[in-house]
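# Observations on chain architecture
The chain contents come next:
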Amino acid sequence: MTPKTMDQDKNPLGIKPVGKLLAEFAIPSIIAMLVSALYNIVDQFFIGHYVGMLGNAATNVAFPLTMSCTAISLMCGIGGAANFNLNMGRGSREKAAAYAGNAISMTLVIGVLLCMITKIFLNPMMVAFGATDQTLAYSLTYTGITSFGFPFLIFTTGGSNLVRADGSPRFSMLCTLAGAVVNTVLDALFMIGFGLGIQGAAWATVIGQVVSAVLVAGYLTRFRTVPLKRECFHPKAACWGNIARLGMSPCINQFAMMLVQIVLNNVLTFYGSQSAYGGDIPLACAGIISKVGMLFFSIVIGISQGMQPIVSFNYGAKQYPRVLEAVWKSIGCATVISVIAFFCFQMFPRQIIGLFGQESEEYFQFAERYFKIYLFFTFANQFQPIVANMYTSIGKAAAGAFMSLTRQILFLMPLLVILPRFYGLEGAMYAAPIADFVAFLIAGGMLLRETHLLKAAVGKSAA
């Protein structure tokens with residue numbers, strides 16, 4: 001029996017029922033992603049109640065940098081995990097270990113670089129990201145502190161994907177959960193107990209991220225499937241290139257969301273100043289709605305990440321029916337969540353906005369309308385990220401990258417620039433559902449095409 005066959009026989013990814021595997025990997029991943037999103041939600045909650053609308057607007061200005069951290073960590077983590085699982089499926093254990101180690105090295109190097117760049121260009125970044133005269137000081141304070149946590153955040157999120165790929169999804173979840181609990185407790189202590197305001201929220205976030213990073217680092221010393229020796233962490237250009245290639249799809253998706261957030265902030269500030277609402281109300285409302293939307297999106301991404309090890313391993317092992325089963329069951333689960341989120345967003349927008357502080361009636365009127373329009377196609381938003389990650393998981397990086405570009409860059413960005421010229425703030429609101437609908441059509445078509453190709457491959461194998 002060859003080593004490859006032995007690995008396939010022993011690894012539960014190749015033999016365990018797909019439904020059980022998906023639950024085993026996706027549920028902890030969903031919880032981890034939700035907890036990660038709650039870092040921002042918790043800060044938004046405390047800042048909204050103890051600093052006010054300008055504080056919420058400032059966190060929205062800072063949010064693109066948080067999204068850039070997520071983009072980098074997903075590139076390293078998902079790219080590393082996909083290469084790791086593909087090589088484990090093929091029986092190449094040494095290559096798998098090298099990819100895991102190099103993915104970790106990438107998170108550390110890029111995380112430190114991003115922190116340094118942010119420190120150097122902090123003021124012009126905040127202005128470029130949409131800070132107004134009233135929110136700039138808050139933005140500089142909050143981001144100046146949270147940037148210290150960027151290396152830890154990138155290391156934790158990227159490393160958690162490898163922990164999951166190693167067969168420990170629950171521990172991956174625990175790492176993120178521990179940091180979130182610390183962040184929540186310290187938010188209350190620093191802001192309510194010590195009266196530190198927005199500085200307290202920022203330091204609570206950083207300390208929570210350090211706690212999570214320590215847990216991930218501890219796990220890496222006892223990796224289960226293959227030992228991670230010191231030489232595994234030595235940077236190799238070929239490994240970094242392949243990790244970036246397979247991690248490019250989720251990375252592009254997050255960077256695209258970051259760019260859209262920057263454009264949206266500036267559009268809302270500019271056209272808001274020409275409306276009865278002013279620039280700060282739309283900016284503050286958009287920050288809350290974007291983060292609530294990310295809370296839903298985190299569930300979809302969690303399902304997608306839970307799918308990744310199953311799809312990658314079985315594609316590497318040429319067990320194509322299991323690949324198809326994992327993809328379609330992921331789509332089914334994500335569709336249920338998307339429909340539930342759609343009804344919540346359409347029926348309870350005012351109640352959701354009210355969780356983040358009480359402001360003027362004018363503020364709530366704008367927020368409620370923005371919420372209903374901007375997130376209207378939530379029920380169909382699950383297809384694009386899952387299909388993009390499917391392509392990444394089977395090594396088709398170009399198709400995955402294209403899928404990641406569709407909604408944000410190819411459709412939403414141009415619409416955000418064009419529609420407000422004719423319809424003002426209304427144009428900014430309607431840009432999102434239009435982009436969502438077109439992206440859904442493309443994702444559905446590509447999913448059906450790949451399903452046909454995999455079924456044809458199954459037929460050839462049987463013949």
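Going by the structure above, here's the rest.
Read on for a plain summary of the structure. (Residues numbered from 1 in each chain as written. Predicted model: local features only at pLDDT ≥ 70, side-chain atom pairs only at ≥ 80, totals over all residues. Heavy atoms only, no water.)

Regarding its fold elements, the protein presents 18 helices and 0 strands. Computed over the C-alpha atoms, the radius of gyration of the protein is 22 Å, within 12% of the 23 Å expected from 2.2 N^0.38 for a compact globule of 463 residues. Residues counted as buried form 61% of the 463 residues belonging to the protein. As displayed, the protein has an accessible area near 17500 Å², and 69% of this comes from carbon and sulfur atoms. Between the centroid of the 29 positive side chains of the protein and the centroid of its 18 negative side chains there is a distance of 14 Å. (Helix = DSSP H or I, 4+ residues; strand = E, 2+ residues; numbered from the N terminus. Rg over C-alpha atoms; globule rule 2.2 N^0.38 Å. Buried < 20%, exposed > 50% of the residue type's maximum accessible area, 1.4 Å probe, protein only. Areas by Shrake-Rupley, 256 points an atom, 1.4 Å probe, with all protein chains shown as cover. Lys, Arg positive; Asp, Glu negative; His and termini not counted. Charge placed at Lys NZ, Arg CZ, Asp CG, Glu CD.)

Turning our attention to the nonpolar core. Tyr363 and Tyr370 are the most contacted members of the largest nonpolar core, which totals 131 residues. For this core, the element with the highest residue contribution is helix H12 (residues 280–316), accounting for 19 residues. The residues contacting Tyr363, other than those within four sequence positions of it, are Met53, Ile281, Ala284, Cys285, Ile288 and Ile353. Ranked by size, the runner-up nonpolar core spans 12 residues in total, among them Ala58, Ala62, Ile145 and Ile198. (Core = buried A, V, L, I, M, F, W, Y, C linked by side-chain atoms within 4.5 Å. Contact = heavy atoms within 4.5 Å.)

Bringing unusual backbone geometry into the picture now. Of note in the backbone geometry, Lys318 takes a positive phi value of approximately 60 degrees without being a glycine. Following the sequence through the fold, Lys318 ends up in the loop between H12 and helix H13 (320–347).

What follows is about the packing of aromatic side chains. The tally for this structure, following the rule as stated, stands at 23 aromatic pairs. Consider the rings of Tyr219 and Phe223, whose centres lie 6.0 Å apart with planes at 80 degrees: the pair is edge-to-face. Like Tyr219, the residue Phe223 is buried in the burial classification. Ring plane angle 80 degrees and centroid distance 5.6 Å describe the contact between Phe342 and Phe376, whose orientation is recorded as edge-to-face. Of this pair, Phe342 sits in helix H13 while Phe376 sits in the loop between helix H15 (361–374) and helix H16 (383–393), and the two are 34 residues apart along the sequence. By the ring-pair criterion, three or more aromatic residues cluster together here, those being Phe342, Phe343, Phe376, Phe377, Phe379 and Phe437. Lying over the aromatic face of Phe148, Lys119 brings its terminal NZ or CZ to 3.4 Å of the ring centre. (Phe/Tyr/Trp six-rings, centres within 6.5 Å; stacked < 30°, edge-to-face > 60°. Lys NZ or Arg CZ within 6 Å of the ring centre and 35° of its normal.)

Once that is clear, we can look at the pattern of salt bridges. One pass over the structure, following the stated rule, counts 7 salt bridges. We note a salt bridge from Glu368 to Arg350, for which the minimum N-O separation is 3.8 Å. Taken as a pair, Glu368 in helix H15 and Arg350 in helix H14 (residues 349–354) lie far apart in primary sequence, 18 residues in all. The class for Arg350 is partly exposed, based on a relative accessible area of 32%. One salt bridge connects Glu426 with Arg369, and the closest N-O pair in it is separated by 2.6 Å. With Glu426 in helix H18 (residues 425–462) and Arg369 in helix H15, this residue pair connects regions lying 57 residues apart in the sequence. Look at Glu426 and you get partly exposed, because its relative accessible area is 28%. (Salt bridge = Lys/Arg side-chain N within 4 Å of Asp/Glu carboxyl O.)

Topologically, Asn265 is positioned in helix H11 (residues 237–272). In this structure the side chain of Asn265 is engaged in a polar contact, spanning 3.0 Å, whose partner is the backbone oxygen of Phe129. Setting aside chain neighbours within four positions, we find Asn265 in contact with Asn60, Val61, Phe129, Gly130 and Leu283. (Polar contact = N/O pair within 3.5 Å; in protein donor to acceptor, adjacent residues only side chain to side chain.)

Together, Val109, Val112, Leu113, Met116, Ile117, Ile120 and Phe121 line one region of the surface with nonpolar side chains, adding up to about 640 Å² of accessible area. Along the polypeptide, Met116 turns up in helix H5 (residues 93–120). By relative accessible area, Met116 is classed as partly exposed at 45%. (Patch = residues over 30% accessible without salt bridge, like charges linked within 9 Å, V, L, I, M, F, W, Y side chains within 5 Å.)

With that settled, consider the environment of Cys232. Structurally, Cys232 is set in the loop between helix H10 (197–220) and H11. With a relative accessible area of 10%, Cys232 lands in the buried category. Setting aside residues up to four positions removed in sequence, Cys232 forms contacts with Ala97, Ala98, Gly101, Asn102 and Pro227.

Relative to each other, H5 and H11 sit at 80 degrees, their axes nearing to 9 Å. Our classification of the angle between H5 and H11 gives roughly perpendicular. On the side of H5, the interface is formed by Ala98, Tyr99, Asn102, Ala103, Ser105, Met106 and Val109, while H11 contributes Cys239, Trp240, Asn242 and Ile243. Residue classes in the contact of H5 with H11 are distributed as 8 nonpolar, 3 polar and no charged. (Axes fitted to C-alpha atoms, helices over the stretch in contact; angles between N-to-C directions. Parallel < 35°, antiparallel > 145°, perpendicular 65-115°, else oblique. Nonpolar A, V, L, I, M, F, W, Y, C, P; charged D, E, K, R; others polar.)

On to the side chain of Thr451, then. One can find Thr451 in helix H18. The exposure class assigned to Thr451 is buried, which follows from its relative accessible area of 10%. Filtering out sequence-adjacent residues up to four positions away, Thr451 remains in contact with Leu324 and Trp328.

End to end, H12 covers 51 Å across 37 residues, agreeing with the expected 54 Å (1.5 Å per residue, within 8%). Along H12, the largest kink reaches about 30 degrees and is centred on Met307; proline Pro309 follows within four residues of it. Counting buried positions along H12 yields 35 of 37 residues, so the element is predominantly enclosed. At the C-terminal side of H12, Lys318 shows a positive phi close to 60 degrees. (Expected span 1.5 Å × (residues − 1). Bend = angle between axes of the 7 residues up to and from the residue.)

This part covers the environment of Tyr430. The topology assignment puts Tyr430 in helix H18. Residues Tyr430 and Phe376, 54 residues apart in the sequence, show an inter-C-alpha distance of 9.1 Å. Sequence-distant contacts of Tyr430, that is, excluding residues within four places in its chain, are made with Arg369, Ile373 and Leu419.

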